[in-house]
Amino acid sequence: MSVQAVAERLGVSIKTLWRMRTAGDFPALLTISRRSKRWRPEIVETYIEELEEKG
């Protein structure tokens, strides 16, 4: 998933998503190529499920 798609899924801005990543509060990106980095959809969904469980 792209940065924009993940931000939309989480309901946060792209800047907030980068802050979460930098702080270690969100899983690391996968490097697809030198200029392309993405998250696997299942990692994002697992993260959301864990947040909901913590409630």
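Rules used throughout
- Residues numbered from 1 in each chain as written.
- Predicted model: local features only at pLDDT ≥ 70, side-chain atom pairs only at ≥ 80, totals over all residues.
- Heavy atoms only, no water.
- Pairing = 2+ DSSP bridges.
- Helix = DSSP H or I, 4+ residues; strand = E, 2+ residues; numbered from the N terminus.
- Axes fitted to C-alpha atoms, helices over the stretch in contact; angles between N-to-C directions.
- Parallel < 35°, antiparallel > 145°, perpendicular 65-115°, else oblique.
- Contact = heavy atoms within 4.5 Å.
- Nonpolar A, V, L, I, M, F, W, Y, C, P; charged D, E, K, R; others polar.
- Patch = residues over 30% accessible without salt bridge, like charges linked within 9 Å, V, L, I, M, F, W, Y side chains within 5 Å.
- Areas by Shrake-Rupley, 256 points an atom, 1.4 Å probe, with all protein chains shown as cover.
- Salt bridge = Lys/Arg side-chain N within 4 Å of Asp/Glu carboxyl O.
- Lys, Arg positive; Asp, Glu negative; His and termini not counted.
- Charge placed at Lys NZ, Arg CZ, Asp CG, Glu CD.
- Phe/Tyr/Trp six-rings, centres within 6.5 Å; stacked < 30°, edge-to-face > 60°.
- Buried < 20%, exposed > 50% of the residue type's maximum accessible area, 1.4 Å probe, protein only.

K.L.:
Can you break down the pairing of strand E1 (residues 30-33) residue by residue, with the values?
P.N.:
Across three bridges, E1 lies against strand E2 (residues 36-38) in antiparallel orientation. When the bridges of E2 are listed, Leu 30 appears paired with Arg 38. A loop of two residues connects E1 with E2, the two strands running antiparallel in sequence.

K.L.:
Describe the packing of helix H1 (residues 3-10) against helix H2 (residues 14-22), naming the residues involved and giving the relevant values.
P.N.:
With their axes 9 Å apart at the nearest point, H1 and H2 run at an angle of 95° to one another. Here H1 lies roughly perpendicular to H2, going by the angle between them. Between H1 and H2, the contacting residues are Val 3, Gln 4, Val 6, Ala 7 and Leu 10 on the first element and Ile 14, Leu 17, Trp 18 and Met 20 on the second. Of the residues belonging to the contact of H1 with H2, the class tally is eight nonpolar, one polar and no charged.

K.L.:
Which residues make up a negative patch on the surface, and what values go with them?
P.N.:
Side chains of Glu 49, Glu 50, Glu 52 and Glu 53 sit close together on the surface and give a patch of like negative charge. Position of Glu 53 relative to the elements: it lies in helix H3 (residues 41-54).

K.L.:
Provide a residue-level description of the packing of aromatic side chains, including the pertinent values.
P.N.:
Under the criterion given, the structure shown has three aromatic pairs. For the ring pair Phe 26 and Trp 39, a centre distance of 5.3 Å and an interplane angle of 80° mean the geometry is edge-to-face. Here the residue Phe 26 occupies a position in the loop between H2 and E1, and Trp 39 occupies one in the loop between E2 and H3, the gap between them amounting to 13 residues. The exposure class of Trp 39 is buried, given its relative accessible area of 2%. For the pair Phe 26 and Tyr 47, a centre-to-centre distance of 4.5 Å together with 75° between the ring planes defines the contact as edge-to-face. Of this pair, Phe 26 sits in the loop between H2 and E1 while Tyr 47 sits in helix H3, and the two are 21 residues apart along the sequence. Both residues of the pair, Phe 26 and Tyr 47, belong to the buried class. Site record: aromatic cluster; members linked through ring pairs are Trp 18, Phe 26, Trp 39 and Tyr 47.

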